[in-house]
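Chain by chain, the residues:
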Number of protein chains: 2
Amino acid sequence: MEVKGVTAVDLYSLVSSNEPEYKNLLKELDVVFMQGWIRTNRDNGSIGFIALNDGTCFKNVQLVYDNTVENHDVLSHLNTGAAISFFGKLVLTPEAKQPFEIRVMEFNVEGNVDSDYPLQKKAHSLEFLRDIAHLRPRANTFNAVFRVRNTLAMAIHEYFQNEGFMYVHTPLITSNDAEGAGSTFNVTTNDKDPNSFFGKPVSLTVSGQLHVEAFALAFRDVYTFGPTFRAEHSNTKRHASEFWMIEPELAFADLEDDMECIEGCLKHCIHKVLHECVDEIEFFNQRIDPTLKERLHAVVHSEFKRMTYTEAIEELKKAVASGVKFENPNIVWGMDLQSEHERYITEKVVKGPVFVTDYPKELKAFYMRANDDGKTVAACDLLVPTVGELVGGSQREERYDLLKERMEQSGCLKGLEWYLDLRRFGGCKHAGFGIGFDRLIMYCTGIENIRDCQPFPRTSDPIKY
Amino acid sequence: MEVKGVTAVDLYSLVSSNEPEYKNLLKELDVVFMQGWIRTNRDNGSIGFIALNDGTCFKNVQLVYDNTVENHDVLSHLNTGAAISFFGKLVLTPEAKQPFEIRVMEFNVEGNVDSDYPLQKKAHSLEFLRDIAHLRPRANTFNAVFRVRNTLAMAIHEYFQNEGFMYVHTPLITSNDAEGAGSTFNVTTNDKDPNSFFGKPVSLTVSGQLHVEAFALAFRDVYTFGPTFRAEHSNTKRHASEFWMIEPELAFADLEDDMECIEGCLKHCIHKVLHECVDEIEFFNQRIDPTLKERLHAVVHSEFKRMTYTEAIEELKKAVASGVKFENPNIVWGMDLQSEHERYITEKVVKGPVFVTDYPKELKAFYMRANDDGKTVAACDLLVPTVGELVGGSQREERYDLLKERMEQSGCLKGLEWYLDLRRFGGCKHAGFGIGFDRLIMYCTGIENIRDCQPFPRTSDPIKY
């Protein structure tokens, strides 16, 4: 007889459900077969307890064994990290901390652990764990982070698919560059001329936006969700060299449509994390950031406000006049807002999420639509408490002559003639935005370093994997 | 009053639905507001017809206008490709070819087309369209291809999420290499030492498998779905330099579990395309490959067979003896099966999808599990009619000593000590596979060139975008 194993996530659903069908299923489960990894194992000679994680949910399962189990001595000496499979009797324990336990009847050691296993029972620092990226998914914090990452990725797809957006895979190797010649990684081969493979020098993309605009002008609403790259030597907690970006593009849409989409998307994602990652968010709230739950709930239930850049500058000037201390207290129209300024606006002035709109054109990219004032562009940055900027978007310049002039001024027309041509061939008003996916994870978990949100972080640190 | 527009996909759903609720909704729609792009426009002076595509579905919408419309002359002279918005009266036409039409009341030209617009009414060759990748999504074939691409991408996520797999973003820039030092792209910077950024030479990944194995040993069932790269100068219809791969990895699983997962995944994906892309598949069946529908239905309803490599060799020898002509007729145990051999096995011998298993170890990668015969490894290739190999998988070598020996022999241990370590720290039997996503699209559409399945193809051709 082949025994189909059960998983922790299924057992927890069964036990916590009130569905009659589930209750019946549970009654039929007597002996179960499971596999997983030992988190802790303590034995007092007559009775032993194992906290087992089988990878299917954040929670552990409690195993109980006594010395009647064959090879009891082997079991009682298994260390943290060992992989086992076992048959056991499922026992409901409604009075105890965990709703059920499993009494081990028979077990097999699937994989033992050598004594130099670096993940011992004690808590490890995030810095220590960063050095063992191949093992840290087994630590509670990373178990939780990568589950939230999975849930958020699916929330993104779910939101856009439900709204009728089409997913587009924009290219990673490119001869174009959305932001002008920034810090890009070169892609070469070992051929005699390392740039000969594609007929010209190419680099890793910094954004899929320009390419995805071509698709918006055929499919109306589209989005990319893929890796992007920056070769900046920014050794900060928030900068990575490789990170995933979500870049939606909406045809027949203006800046207001864009902001509505951003708000809808973020609320959907955060709502989903709050409801599907209950244990994980509870863990982060207890161990990482005690304001997390309150902050996330507040975003879901708040109405995102709007404020122009010019209004924001006025607010900051007022703040300085009334004695607020900024590291950069020299507030002038035309300046780039620093993180301290953004946080002041969202935390002190608005006390919630706020779109700052209509930035001076000199601060923004060539493709953003010029406003009638001749000084600003139809851009929006979403600022949220504790992190500042979370999303940036804009209406795109759809007017051929104006775009051409901006492209010539910024020296990026050569090689991007095709992008300009989109304005001659059935162009229309359109808008889009970009969400840094790894920063969204930081925001939803309270984790402060982007290195702790990526499976194998790629920053300006040396690469080990 | 702000008018919310309707989309083609919504109108077609409403009109074709028998739900009472939808029927009522439809009755309330009298005047609609829409936007889209003109595909064709013909006018006989008193009445004009526009086939409009608004990007939300494969089908066009028929617009009708007469000379009472303001600026009728402008409308009647609009060319293929122009973007318009309009108010119109929705009229059901159950007797006509299309179930409804829209009588234009008022329109606005959102974006005109210059006279050198390359997409005219006539049909264009795929080769011609390949040169205008920023415009070809507006051609019927690519409209259909990229919709199927979107549907398949979601089908992949849906299948694995429903089965409890966790999505993992494995890194693209890496100092490791799953297949040994193959043809990889180098990643460099403009620093004095181009390799100094990450402290060592790095390249673009050829596979996320090794990294995702580390996650399988923490989360049980996981998958990557992301871009991978090959710097091969293969100027064929099936090779790309940048392509998306799906790489699932199952802990506590053997080769049989692996094959069951492959079969379940493919059937789910094809079923979903057949049901959600009805118009697109019909189009491909009529224009591209008249066997497509039959072939896809056959896969969904067939049971995937199993045959060992050794049995396959015997079948091929029999075939040669009975007079079958192969370009390579020299069939010997140990040879790599060519496409012609694979197709003979799946098309003539099995007459359906078949897993060929247990290949000579010399033909396969170092990480595949050695069988007890000492000659073969627990690998499987899924062969399907008309294309041959569609998926490749294997059980991984979980035994430390055997893996270490293979890694030393193949000279890939240096830098991959962490991978070997996964076998010392709670390892277990596990298995996985890889699906080339772009090839899956080729298979599901009948499109023969991988260049026509990627939004902006990356092959050994010169890069334009």
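Here we look at the overall build of chain A
Moving on, step 1. Within chain A, the regular secondary structure consists of 14 helices and 16 strands.
Moving on, step 2. For chain A, with 465 residues in total, the buried portion stands at 60%.
Moving on, step 3. Here the analysis covers contacts within chain A between residues at least 6 apart in sequence; of these, 67% occur between residues at least 24 apart.
Moving on, step 4. As presented, chain A carries roughly 19,100 Å² of accessible surface, and 48% of it is formed by carbon and sulfur atoms.
Moving on, step 5. The positive charge centre, built from 51 side chains, and the negative charge centre, built from 69, are 3 Å apart in chain A.

Thoughts on the packing of helix 5 (residues 140-162) of chain B against helix 8 (residues 278-287) of chain B
Residue and element names in this part refer to chain B.
Moving on, step 1. Taken N-terminus to C-terminus, the directions of helix 5 and helix 8 make an angle of 130°; their axes are 9 Å apart at the nearest point. Accordingly, the angle class assigned to the pair helix 5 and helix 8 is oblique. Like other packed secondary-structure pairs, helix 5 and helix 8 cross with a definite hand, here left-handed. Touching Asn140, Thr141, Ala144, Val145, Arg147 and Val148 of helix 5 are Glu280, Phe283 and Phe284, all from helix 8.
Moving on, step 2. Here the residues of the contact of helix 5 with helix 8 sort into five nonpolar, two polar and two charged.

Observations regarding the interface of chain B and chain A
Moving on, step 1. Contact residues are listed per partner, giving 100 residues for chain B and 100 residues for chain A.
Moving on, step 2. Contact with chain A buries area across many residues of chain B, yet His169, Phe197 and Phe425 of chain B alone supply 9% of it, more than any other trio.
Moving on, step 3. At the surface where chain B touches chain A, the tally comes to four salt bridges.
Moving on, step 4. Between Arg424 of chain B and Asp116 of chain A there is a salt bridge whose closest N-O contact spans 2.9 Å.
Moving on, step 5. On inspection of chain B and its partner chain A, the count reaches 38 residue pairs in polar contact (both at pLDDT 80 or more).
Moving on, step 6. A per-element tally of the side of chain B that touches chain A places helix 5 of chain B first, with 10 residues.
Moving on, step 7. Here the side of chain B that touches chain A is built from residues that sort into 50 nonpolar, 31 polar and 19 charged.

Notes on the packing of aromatic side chains
Moving on, step 1. Using the criterion set out here, one finds 63 aromatic pairs over all chains in the structure.
Moving on, step 2. Look at Phe160 of chain A and Phe165 of chain A: their rings are 4.9 Å apart centre to centre, the planes differ by 65°, and that puts the pair in the edge-to-face class.
Moving on, step 3. The class of Phe165 of chain A is buried, set by a relative accessible area of 4%.
Moving on, step 4. Ring centres of Trp418 of chain A and Phe456 of chain B lie 6.1 Å apart, and the angle between their planes is 45°; on these two criteria the pair is classed as tilted. In this pair, Trp418 of chain A sits in helix 13 (residues 417-421) while Phe456 of chain B sits in the segment after helix 14 (437-445), so the two residues belong to two different chains. Of the two residues examined, Trp418 of chain A and Phe456 of chain B, each falls in the buried class.
Moving on, step 5. Between the NZ or CZ atom of Lys59 of chain B and the centre of the ring of Tyr12 of chain B, over which it lies, the distance is 4.6 Å.
Moving on, step 6. The ring of Tyr419 of chain B carries Arg423 of chain B above its face, with NZ or CZ at 4.4 Å from the centroid.

Observations concerning helix 14 of chain B
Residue and element names in this part refer to chain B.
Moving on, step 1. Burial runs high along helix 14: eight of the nine residues are buried.
Moving on, step 2. For helix 14, the complete set of buried residues consists of Phe437, Asp438, Leu440, Ile441, Met442, Tyr443, Cys444 and Thr445.
Moving on, step 3. Following helix 14 by one or two positions, Gly446 has its phi on the positive side, about 85°.

Considering the environment of Gly446 of chain A
All names here are of chain A.
Moving on, step 1. Relative to the helices and strands, Gly446 resides in the segment after helix 14 (437-445).
Moving on, step 2. The sequence separation of Gly446 and Leu292 amounts to 154 residues, and the corresponding C-alpha distance is 6.3 Å.
Moving on, step 3. When sequence neighbours within four positions are dropped, the list of residues in contact with Gly446 reads Ile288, Asp289, Leu292 and Arg295.

Here we look at unusual backbone geometry
Moving on, step 1. At Phe252 of chain A, a position not held by glycine, the phi torsion is positive, near 55°.
Moving on, step 2. Inspection of the secondary structure assignment puts Phe252 of chain A in the loop between strand 11 (242-251) and helix 7 (255-276).
Moving on, step 3. Note on Phe252 of chain A: relative accessible area 5%, which makes it buried.
Moving on, step 4. With phi around 75°, Thr386 of chain B is a residue other than glycine that occupies positive phi space.
Moving on, step 5. Positionally, Thr386 of chain B belongs in the loop between strand 14 (376-384) and strand 15 (388-395).

A look at the relation of the copies chain B and chain A
Moving on, step 1. Each copy superposes on the other: chain B lies on chain A with an RMSD of 0.0 Å after a rotation of 180° and an axial shift of 0.0 Å. Here the symmetry operator amounts to a two-fold rotation axis. Considering only C-alpha atoms, the part of chain B nearest the rotation axis is Val187 of chain B, at 2.5 Å.
Moving on, step 2. A share of 100% of the interface residues of chain B reappears at the interface of chain A, consistent with the copies meeting face to face through the same patch.

Overview of the sheet that holds strand 4 (residues 83-92) of chain B
Moving on, step 1. With mixed pairing, five strands are arranged side by side around a closed barrel as 1-2-3-5-4 (chain B). Averaged over all pairs of adjacent strands, the angle between strand axes in this sheet comes to 55°, irrespective of strand direction.

A word on the sheet that holds strand 14 (residues 376-384) of chain A
All names here are of chain A.
Moving on, step 1. Judged by pairing direction, the sheet is mixed, and its eight strands sit side by side in the order 6-10-11-16-15-14-13-12 without closing on themselves. Two strands lie at the open edges of the sheet, namely strand 6 (166-167) and strand 12 (305-308), each paired on one side alone.
Moving on, step 2. Note that strand 15 (residues 388-395) and strand 16 (residues 430-436) share five bridges and pair antiparallel. When the sheet's bridge partners are listed, Gln395 is paired in strand 16 with Ala431.
Moving on, step 3. Lying on the sheet, helix 5 (residues 140-162) is in contact with strand 6, strand 10 (221-229), strand 11 and strand 16; it crosses strand 10 at an angle near 150°.

A closer look at the pairing of strand 1 (residues 31-43) of chain B
Residues and elements named next belong to chain B.
Moving on, step 1. Bridge analysis of strand 1 against strand 4 gives seven bridges, and the strand direction is antiparallel. By the bridge assignment, Trp37 is partnered in strand 4 with Ala83.
Moving on, step 2. Relative to strand 2 (residues 47-53), strand 1 runs antiparallel, the two sharing six bridges. The residue bridging Ile38 from the neighbouring strand is Leu52, located in strand 2.
Moving on, step 3. Counting the residues in the hairpin turn of strand 1 and strand 2 gives three residues, including Gly45, whose phi is positive at 100°.

Considerations on the pairing of strand 16 of chain A
Residues and elements named next belong to chain A.
Moving on, step 1. With seven of seven residues buried, strand 16 lies mostly within the body of the structure.
Moving on, step 2. Every second residue of strand 16 is oriented toward a common face, with His430, Gly432, Gly434 and Gly436 on one face and Ala431, Phe433 and Ile435 on the other, all of them buried.
Moving on, step 3. Sheet topology places strand 11 next to strand 16; five bridges connect them, and they run antiparallel. Looking at strand 16, one finds that Ala251 is bridged to His430.

A closer look at the packing of helix 5 of chain A against helix 7 of chain A
All names here are of chain A.
Moving on, step 1. For the pair helix 5 and helix 7, the least separation of the axes is 9 Å and the interaxial angle reads 140°. Here helix 5 lies oblique to helix 7, going by the angle between them. Seen from above, helix 5 lies across helix 7 with right-handed handedness. Residues Val148, Thr151, Leu152, Ala155, Ile156, Glu158, Tyr159 and Phe160 of helix 5 form the contact with helix 7, whose participating residues are Cys261, Gly264, Cys265, His268, Cys269, Lys272, Val273 and Glu276.
Moving on, step 2. By residue class, the composition of the contact of helix 5 with helix 7 is 10 nonpolar, three polar and three charged.

The rules behind each value
- Residues numbered from 1 in each chain as written.
- Chains lettered and ligands numbered in written order.
- Predicted model: local features only at pLDDT ≥ 70, side-chain atom pairs only at ≥ 80, totals over all residues.
- Heavy atoms only, no water.
- Helix = DSSP H or I, 4+ residues; strand = E, 2+ residues; numbered from the N terminus.
- Buried < 20%, exposed > 50% of the residue type's maximum accessible area, 1.4 Å probe, protein only.
- Contact = heavy atoms within 4.5 Å.
- Areas by Shrake-Rupley, 256 points an atom, 1.4 Å probe, with all protein chains shown as cover.
- Lys, Arg positive; Asp, Glu negative; His and termini not counted.
- Charge placed at Lys NZ, Arg CZ, Asp CG, Glu CD.
- Axes fitted to C-alpha atoms, helices over the stretch in contact; angles between N-to-C directions.
- Parallel < 35°, antiparallel > 145°, perpendicular 65-115°, else oblique.
- Left-handed = near helix turned anticlockwise from the far one by under 90°.
- Nonpolar A, V, L, I, M, F, W, Y, C, P; charged D, E, K, R; others polar.
- Buried area = accessible area lost by both parts, 1.4 Å probe.
- Salt bridge = Lys/Arg side-chain N within 4 Å of Asp/Glu carboxyl O.
- Polar contact = N/O pair within 3.5 Å; in protein donor to acceptor, adjacent residues only side chain to side chain.
- Phe/Tyr/Trp six-rings, centres within 6.5 Å; stacked < 30°, edge-to-face > 60°.
- Lys NZ or Arg CZ within 6 Å of the ring centre and 35° of its normal.
- Least-squares fit on C-alpha atoms with pLDDT ≥ 70 in both.
- Pairing = 2+ DSSP bridges.

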